[in-house]
Amino acid sequence: MVIEYIRYRVRPERLDGFEAAYERAAGALRAAPQCVDYELSRCLDDPACYLLRITWTSVDEHLKGFRRGPVFGQFFAAIKPYVEDIEEMRHYARTSVAGPGGAA
C-alpha cells in the first residue's frame, strides 16, 4: 500500500465549495478498487489549508489503474476547479514507527 498526501491552500472566496466538491469526488473514490480509504482534514490553525490522505493499493494502481479507469473522470470533474490550489502532492510508504498513544 501507498499513501498519497495532497496539501491544499484554498483561496478564501473559494472555500465554500471545496468540501462539497470532495463530497462529490468521494463517490468515485468509494467505487475505485484501487482506493483503500481516504480522509480530508481541515487545518484548525489556518482554515484555508486542507490535507487529503488517500491510501492506494500501490502507486502503479493509482497512476495507471485509477487515473486511466472509468471513475477518474467523475473524480476529476468534481475537484478540477481546485487543482490550482494544490501546494504539494506526494506518495509515501509507511515505516515501522507507529503505535498507539496514551489515550488509546
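Quick caveat: nothing in here was measured; it's all calculated off a predicted structure.

What counts and how
- Residues numbered from 1 in each chain as written.
- Predicted model: local features only at pLDDT ≥ 70, side-chain atom pairs only at ≥ 80, totals over all residues.
- Heavy atoms only, no water.
- Helix = DSSP H or I, 4+ residues; strand = E, 2+ residues; numbered from the N terminus.
- Buried < 20%, exposed > 50% of the residue type's maximum accessible area, 1.4 Å probe, protein only.
- Contact = heavy atoms within 4.5 Å.
- Areas by Shrake-Rupley, 256 points an atom, 1.4 Å probe, with all protein chains shown as cover.
- Lys, Arg positive; Asp, Glu negative; His and termini not counted.
- Charge placed at Lys NZ, Arg CZ, Asp CG, Glu CD.
- Pairing = 2+ DSSP bridges.
- Axes fitted to C-alpha atoms, helices over the stretch in contact; angles between N-to-C directions.
- Parallel < 35°, antiparallel > 145°, perpendicular 65-115°, else oblique.
- Nonpolar A, V, L, I, M, F, W, Y, C, P; charged D, E, K, R; others polar.
- 1 Å grid on protein atoms, 1.4 Å probe; cavity = no way out; pocket = protein on both sides within 12 Å on 5 of 7 lines; lining within 4 Å.
- Points joined across faces, edges and corners; volume = space filled by probe spheres on them.

Caption draft 1: Quick look at the overall build of the protein chain. Scanning the protein chain from N- to C-terminus turns up 3 helices and 4 strands. Secondary structure elements of the protein chain occur, N-terminal to C-terminal, as β-α-β-β-α-α-β. Dimensions of the protein chain, computed from the C-alpha atoms along their principal axes, are close to 40 × 35 × 20 Å. Across the 104 residues that make up the protein chain, the buried fraction comes to 34%. Restricting the contact set of the protein chain to residue pairs at least 6 apart, pairs at least 24 apart contribute 72%. As displayed, the protein chain offers around 6,600 Å² of accessible surface, 53% of which is attributable to carbon and sulfur atoms. Taking the average location of the 14 positive side-chain charges in the protein chain and that of its 15 negative ones, the two points are 5 Å from each other.

Caption draft 2: Structural view of the sheet that holds strand β1 (residues 2-9). One open sheet holds the 4 strands; their spatial order is β2-β3-β1-β4, and the pairing between them is antiparallel. Looking at which strands have only one partner, the edges of the open sheet turn out to be β2 (35-42) and β4 (86-92). The sheet shows a mean angle of 10 degrees between the axes of neighbouring strands, taken without regard to direction. Looking at chain direction, β1 and β4 are connected through 6 bridges and run antiparallel. From the neighbouring strand, Tyr8 faces β4, where its bridge partner is Ile86. Relative to β2, helix α1 (residues 15-31) is tilted by about 170 degrees, and along the sheet it contacts β1, β2 and β3 (49-56).

Caption draft 3: Just the environment of Ala21, in detail. Within the secondary structure layout, Ala21 lies in helix α1. Judged by its relative accessible area of 0%, Ala21 falls in the buried class. Spatially, the C-alpha atom of Ala21 lies 5.7 Å from that of Ile79, the residues being 58 residues apart in sequence.

Caption draft 4: Summary view of the packing of α1 against helix α3 (residues 72-79). As a packed pair, α1 and α3 sit with axes 8 Å apart at the nearest point and diverge in direction by 170 degrees. The angle between the axes of α1 and α3 places the two elements in the roughly antiparallel class. Note on element contacts: α3 touches α1 through Gln74, Phe75, Ala78 and Ile79, opposite Ala21, Tyr22, Arg24, Ala25, Gly27, Ala28 and Leu29. Each residue belonging to the contact of α1 with α3 can be placed in one class, and the counts come to 8 nonpolar, 2 polar and 1 charged.

Caption draft 5: Layout of the layout of surface pockets. Size it by volume and the largest pocket reaches roughly 200 Å³. Lining of the largest pocket is provided by 16 residues; of these, Arg67, Phe72, Phe75, Ile79 and Met89 occupy positions nearest its centre. Among the elements of the structure, β1, β3, α2 (59-66), α3 and β4 are those that each provide at least two residues to the lining of the largest pocket. It is α3 that contributes the most residues to the lining of the largest pocket, 4 residues altogether.

All we've got here are geometric facts, nothing functional implied.
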